Amino acid sequence: NAGVTQTPKFQVLKTGQSMTLQCAQDMNHNSMYWYRQDPGMGLRLIYYSASEGTTDKGEVPNGYNVSRLNKREFSLRLESAAPSQTSVYFCAGGGGTNYGYTFGSGTRLTVV
Amino acid sequence: AQTVTQSQPEMSVQEAETVTLSCTYDTSESDYYLFWYKQPPSRQMILVIRQEAYKQQNATENRFSVNFQKAAKSFSLKISDSQLGDAAMYFCAGDSNYQLIWGAGTKLIIKP
């Protein structure tokens, strides 16, 4: 009963490198989300997918791309990492129901 | 636009006492959900309690309860019989159209 699983937990990138953060959920949620959390702030929405096959921009989408591979999986890609993308990234599933949102354990990304 | 405001960056309470964390949620939507999430040092986002805006009755989950004043746009969290394990960052969030908007958080310190 994993809930929402995201990998990796930690990553260090050099400026200009690319990487993909993976997220998978086993809760049959239609909607999935990627957030970033910067120090002293709440979470900010990067992208979301209201259903399989659809994706939409959130509050801070610049520098990111996403793929909703199937109902279970929603990945976040940084094509050319920048120091401003140093943050903790959270994947979540759920929303719009009585059930709230379930979060993954987060990825701490540092871009040097 | 929706906004969530937490005006208390930090609160402290004596173990076994009661503490109230404040939040205001401003939206033009008539139907929405409000949440309190707890984030301990482990970084995991844990749902504490949720409230549906159309419900008159305030939500309660064991030692946690909310005081939702819709007209005043107030959504406070009361923690009774505070325990050392309650020490964490607490985030208020509002959900409308499948997007969560977050406050900046309140750090709760429990004094033994």
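That block above? That's the structure.
Summarised in this report is the structure supplied together with it. Quick caveat: nothing in here was measured; it's all calculated off a predicted structure. (Residues numbered from 1 in each chain as written. Chains lettered and ligands numbered in written order. Predicted model: local features only at pLDDT ≥ 70, side-chain atom pairs only at ≥ 80, totals over all residues. Heavy atoms only, no water.)

**Topic: the packing of aromatic side chains**
- Scanning the entire structure with this criterion turns up 18 aromatic pairs over all chains.
- Consider the rings of Phe91(B) and Trp102(B), whose centres lie 6.1 Å apart with planes at 80°: the pair is edge-to-face. Of this pair, Phe91(B) sits in strand β10 (residues 88–96) while Trp102(B) sits in strand β11 (residues 99–102), and the two are 11 residues apart along the sequence.
- According to the relative accessible area criterion, Phe91(B) is buried, its value standing at 1%.
- We classify Trp102(B) as buried; its relative accessible area is 8%.
- Ring-pair connections join several aromatic residues into one group, and the members of that group are Tyr33(A), Tyr35(A), Tyr48(A), Phe90(A), Tyr101(A), Phe103(A), Tyr33(B), Phe35(B), Tyr37(B), Phe91(B) and Trp102(B).
- Over the face of the ring belonging to Phe10(A) we find Arg43(B), whose NZ or CZ atom lies 5.4 Å from the ring centre. (Phe/Tyr/Trp six-rings, centres within 6.5 Å; stacked < 30°, edge-to-face > 60°. Helix = DSSP H or I, 4+ residues; strand = E, 2+ residues; numbered from the N terminus. Buried < 20%, exposed > 50% of the residue type's maximum accessible area, 1.4 Å probe, protein only. Lys NZ or Arg CZ within 6 Å of the ring centre and 35° of its normal.)

**What to know about the state of the cysteines**
Residue and element names in this part refer to chain A.
- As enumerated under the stated definition, the model contains two disulfides over all chains in all.
- Across the disulfide, Cys 23 is cross-linked to Cys 91 (sulfur-sulfur distance 1.8 Å). Between Cys 23 and Cys 91, the disulfide has an S-S torsion of -75° and is therefore left-handed. Taken together, the positions of Cys 23 in strand β3 (residues 19–25) and Cys 91 in strand β9 (residues 87–94) put the pair 68 residues apart, joining distant regions of the chain. (Disulfide = S-S within 2.5 Å.)

**Some remarks on unusual backbone geometry**
- Here the bond from Thr7(A) into Pro8(A) is cis, since omega is -5°, no more than 30 degrees from zero.
- You will see that Ala16(B), though not glycine, has its phi angle at about 80°, which is positive.
- Tracing the chain through its elements places Ala16(B) in the loop between β2 (10–14) and β3 (19–21).
- Of note in the backbone geometry, Lys73(B) takes a positive phi value of approximately 60° without being a glycine.

**So, the environment of Glu17(B)**
Residues and elements named next belong to chain B.
- You can see Glu 17 is positioned in the loop between β2 and β3.
- Exposure remark for Glu 17: the relative accessible area of 46% places this residue in the partly exposed category.
- A sequence separation of 57 residues divides Glu 17 from Ser 74, and the C-alpha atoms of the two residues are 22 Å apart.
- Contacts of Glu 17, omitting those with residues within four sequence positions, involve Ile 79, Ser 80, Asp 81 and Ser 82. (Contact = heavy atoms within 4.5 Å.)

**Concerning the layout of surface pockets**
- There is about 400 Å³ of room inside the largest pocket.
- Taken together, 23 residues form the lining of the largest pocket, with Gln37(A), Arg108(A), Gln39(B), Arg43(B) and Met89(B) sitting closest to its centre.
- Going through the elements one at a time, β9 and β11 (107–111) of chain A together with β10 and β12 (106–111) of chain B are the ones with two or more residues in the lining of the largest pocket.
- Residues belonging to the lining of the largest pocket are distributed by class as follows: 13 nonpolar, six polar and four charged.
- In this structure, the second largest pocket spans a volume of roughly 220 Å³.
- Forming the walls of the second largest pocket are 13 residues, and the residues nearest its centre are Leu43(A), Arg44(A), Glu59(A), Ile101(B) and Trp102(B).
- Contributions of two or more residues to the lining of the second largest pocket are made by β5 (43–49) of chain A together with β11 of chain B.
- The element contributing the most residues to the lining of the second largest pocket is β11(B), with four residues.
- The residue makeup of the lining of the second largest pocket, split by class, is eight nonpolar, three polar and two charged. (1 Å grid on protein atoms, 1.4 Å probe; cavity = no way out; pocket = protein on both sides within 12 Å on 5 of 7 lines; lining within 4 Å. Points joined across faces, edges and corners; volume = space filled by probe spheres on them. Nonpolar A, V, L, I, M, F, W, Y, C, P; charged D, E, K, R; others polar.)

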